[in-house]
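# Notes for the structure review
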Amino acid sequence: MNKYAHVFLTSLKQQLERRASWIMERVRSLTLILSLYFLWNSLLSDPTKGFLGYSHSQMMTYVLGLALLRALVITSRAFELTWEIAQGRLSHLLMRPMDLFAYQLSLDLSDKAVRVASAALEVAVLAYIFDAPLFVAHPASALLAGVSVTLSVLLYFFIGLCMASSGFWSSESVGFLWAAGLLIEFASGAFFPLDVLPDTLAHALRLLPFPYLVYFPLNVYLERFSDAEIAQGLILQSFWVVGCWLAARWIWRIGIKSYQAEGG
Amino acid sequence: MPAIIADALRKTFKIPKRKPGLRAAIASFFHKETLAIEAVKGITLSIQDSEVVGFLGPNGAGKTTTLKMLSGLLYPTSGTLRTLGYVATDRDKDFLKSITLVMGNRSQLWWEIPVADSLLLNKEIYELSDSRYQENLDELVTLLEIGDVLAMAPKKLSLGQRMKAELAAALLHRPRLLLLDEPTLGLDVVMQNKIRKFLTDYNRRHGATILLTSHNMQDLTELCKRVIIIDHGSLIYDGLLKSLIESYAPQKRIRIDFAQAPTLAQCQGAGLTATRDGEAFVNAPRAQVPDVTSSLLGRSGKDLPAIIDISIDEPSAEDVIRTIFAQGNLRTRP
């Protein structure tokens, strides 16, 4: 078996040992979905009227889709590398014949597998209980959204790697990462669709990679973009993925040179 | 070919520096001052294949920093270094497959899942074939006696069991070079002995080169013929442990067991110091030990009580090294 597939499986085994963390994570996730669901459902109480160009079913699908994309995209253990660097635990990873990024991505994917399976179950149960009006996209739109989500996963991973590298230069980067993480969630559309924001701010955010994490793929699925906008969006998203990957490689190459392998 | 060649190896760290107090804390928020600390000051050394070398020095001497440079984790500030013929910091795949670094207080095992799962993962990471894996694992399980530990998670293991599991994970790929930082740290005497015996066997079986740091002198005396001592980042001794002891402790202690306790006058007459009932000792220069011994035997039952037993002791390495560290440097460099 491929070494990274094995990392994925080993990490999965470790996660299955952590029932308490899993339960707490579910509580957090459910609280978030329920509060967003009820908020938007009451704002769109008249199903005949839309809001900011979203129909009732599109908005409810956005909210439930958020739960899935938060599990699939906006989670990355790459951020944890800051602690590994600060405490010198990165040493064990550097001493083994493997690609650090591939290793970390395998850990991420196993994490995401558990989270997505759990979130999908929650979303299905909630949609059934509340009889949520769901937007059913054309298979082609769903496929394009799937492509975009795959790119989002990579994009968030590389952004995480870039930010975690701050640990090479500062032992206090934890606060920075926490603040930055929150800003990224906001700018990605993981709290609400970016259309809610004033035009100037929404336009400014679109110049950054973050809307491609959640807002863009969800809107591709909701068929709110023209074909040209989708094509342009996917090209820009790919550009950001490659750009962040190159940036991460570059920063880590420099960072490892100043790694102090603390402790031990 | 030497396993390690280091020439004028130097490492300088920049560490943040500030005075105590709130004002200094606020000032350092805007402007951080750093202080350059020279942890390793131009070390030159060469270690041959299959050698077992003890690396010692007081805390903060630069031992661990040197090990980390040899393994490629730290970039030397200057100097040249070849570990197993590679530039260590290039982290070449074949290099990483030939080396291991074990730090006594660092774990590479996955905390919550059975040790066997961590080992299986290492099998894949080091690309070991099934047969090679099984062969290496069987050997490690036997030598380290960890058959019962494999099914347990590290968080459930005692420190000694965990250290053995850690060694198994670190040696599963059968490295040619072992860099061990305090491998017996915190272990009880029985476990320390087992680890030492294991390392001796491993070195003998596979011709592996071992470089270890330890504050446990027994580790050094039992495992290493050669020691390298560094202090304040500089190499102060590189040679045989035996020569160090000989040059540093030129006397041996002759212990005599008498049939009955000698009187004070008898002791003084023979230059002896009485220790307890019926026992006494005399320190003699190495070259004169045979003469002193035969003279004592000649006086047995005459002006001294009858001698039952006589033994000649080397001063312990621990005593010698403790003296060296206490004095801060070596009198002479042998």
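Residues numbered from 1 in each chain as written. Chains lettered and ligands numbered in written order. Predicted model: local features only at pLDDT ≥ 70, side-chain atom pairs only at ≥ 80, totals over all residues. Heavy atoms only, no water.

### Let's talk about the packing of aromatic side chains
Put simply, the rule reads: Aromatic pairing here means that ring centres of Phe, Tyr or Trp (its six-membered ring) are within 6.5 Å. Orientation follows from the plane angle: under 30 degrees is stacked, over 60 is edge-to-face, and everything else is tilted. Two thresholds decide whether a charge sits over a ring: the Lys NZ or Arg CZ must be within 6 Å of the ring centre and within 35 degrees of the ring normal.
Within the structure shown, the criterion is met by 19 aromatic pairs over all chains. Judged by centre distance (6.0 Å) and plane angle (85°), the ring pair of Tyr54(A) and Tyr62(A) falls under edge-to-face. The ring of Tyr54(A) has Arg224(A) sitting right over it, with the charged end atom 3.6 Å from the ring centre. Its end group placed over the ring of Tyr133(B), Lys123(B) keeps NZ or CZ at 6.0 Å from the ring centre.

### A word on the interface of chain B and chain A
The line we're drawing: Residue contacts follow a heavy-atom distance rule, with two residues in contact if any of their heavy atoms lie within 4.5 Å. Buried area is understood as the total, over both parts, of accessible area removed when two parts are fitted together, assessed with a 1.4 Å probe. Whenever Lys or Arg places a side-chain nitrogen within 4 Å of a carboxyl oxygen from Asp or Glu, that contact is recorded as a salt bridge. Two N or O atoms count as a polar contact when they lie within 3.5 Å, although within protein this holds only if one can serve as hydrogen donor and the other as acceptor, and sequence-adjacent residues are included solely when both atoms are side-chain atoms. Under the DSSP-based scheme used, a helix requires at least four consecutive residues in state H or I and a strand at least two consecutive residues in state E, with every element numbered from the N terminus. Charged residues are taken to be Asp, Glu, Lys and Arg, nonpolar residues to be Ala, Val, Leu, Ile, Met, Phe, Trp, Tyr, Cys and Pro, and polar residues to be all remaining types, Gly included.
In this complex, chain B contributes 33 residues to the contact, which on the side of chain A involves 31 residues. For the pairing of chain B and chain A, the buried interface totals around 3,100 Å² over both sides, and the portion due to carbon and sulfur atoms is 58%. For the pair chain B and chain A, the number of links is three salt bridges. Among the ionic pairs, Lys3(A) bridges to Glu127(B), the shortest N-O distance being 3.1 Å. For the interface between chain B and chain A, the tally reads nine residue pairs in polar contact (both at pLDDT 80 or more). Secondary structure elements with two or more residues in the side of chain B that touches chain A: strand E1 (2-17), helix H2 (63-71), helix H3 (93-96), strand E5 (99-103) and helix H4 (115-125) of chain B. Broken down by element, the side of chain B that touches chain A gets its largest block of residues, six residues, from H4(B). Split into classes, the residues belonging to the side of chain B that touches chain A amount to 15 nonpolar, six polar and twelve charged.

### A look at unusual backbone geometry
Residues and elements named next belong to chain B. Threshold: Exposure classes here rest on a 1.4 Å probe applied to the protein chains alone. A residue is buried below 20% of its type maximum, exposed above 50%, and partly exposed in between.
Unusually for a residue other than glycine, Ala8 sits at a positive phi of about 50°. Tracing the sequence through the fold places Ala8 in strand E1. By relative accessible area, Ala8 is classed as partly exposed at 33%. Here Ser50, not a glycine, exhibits a phi torsion of approximately 70°, which is positive. Mapped onto the elements of the fold, Ser50 is located in the loop between strand E2 (33-48) and strand E3 (52-56). For Ser50, a relative accessible area of 37% puts it in the partly exposed group.

### Here we look at the sheet that holds strand E10 (residues 251-258) of chain B
Residue and element names in this part refer to chain B. Let me state the cut-off plainly: When DSSP finds at least two bridges between two strands, those strands are taken to pair. Between the N-to-C directions of two axes lies an angle of 0 to 180 degrees, each axis being a line fitted to C-alpha atoms and, for a helix, fitted only over the stretch in contact.
Pairing within the open sheet is antiparallel, and its four strands lie in the order E11-E12-E10-E13. Bordering the open sheet on either side are strand E11 (273-274) and strand E13 (307-313), each of which pairs with just one other strand. By the bridge criterion, two bridges tie E11 to strand E12 (residues 279-285) in an arrangement that is antiparallel. Bridge pairing in E12 places Thr273 opposite Phe281. Contacting E10, E12 and E13, helix H11 (residues 289-299) runs over the sheet at an angle of about 15° to E10.

### Notes on the environment of Asp309(B)
All names here are of chain B. In this structure, Asp309 sits in strand E13. In this structure, the C-alpha to C-alpha distance between Asp309 and Glu279, residues 30 residues apart in sequence, is 9.5 Å. Among all residues touching Asp309, those that are not within four sequence positions of it are Arg255, Ile256 and Asp257.

### Focus: the pattern of salt bridges
Here the idea is simple: oppositely charged side chains can pair when their charged atoms come close. Tallying each qualifying case throughout the model produces 28 salt bridges over all chains. Linking Lys123(B) and Glu124(B) is a salt bridge whose minimum nitrogen-to-oxygen distance equals 3.4 Å. A relative accessible area of 9% places Lys123(B) in the buried class. Note that Asp201(B) and Lys197(B) form a salt bridge whose closest N and O atoms lie 3.3 Å from each other. Of this pair, Asp201(B) and Lys197(B) both sit in helix H7 (residues 189-206), separated by four residues, roughly a single helical turn. Among the residues examined, Asp201(B) registers a relative accessible area of 17% and is labelled buried. Using a relative accessible area of 55% as the deciding quantity, one classes Lys197(B) as exposed. Residues participating in the shared-partner salt-bridge network are Glu25(A), Arg28(A), Arg77(A), Glu80(A), Asp111(A) and Arg115(A).

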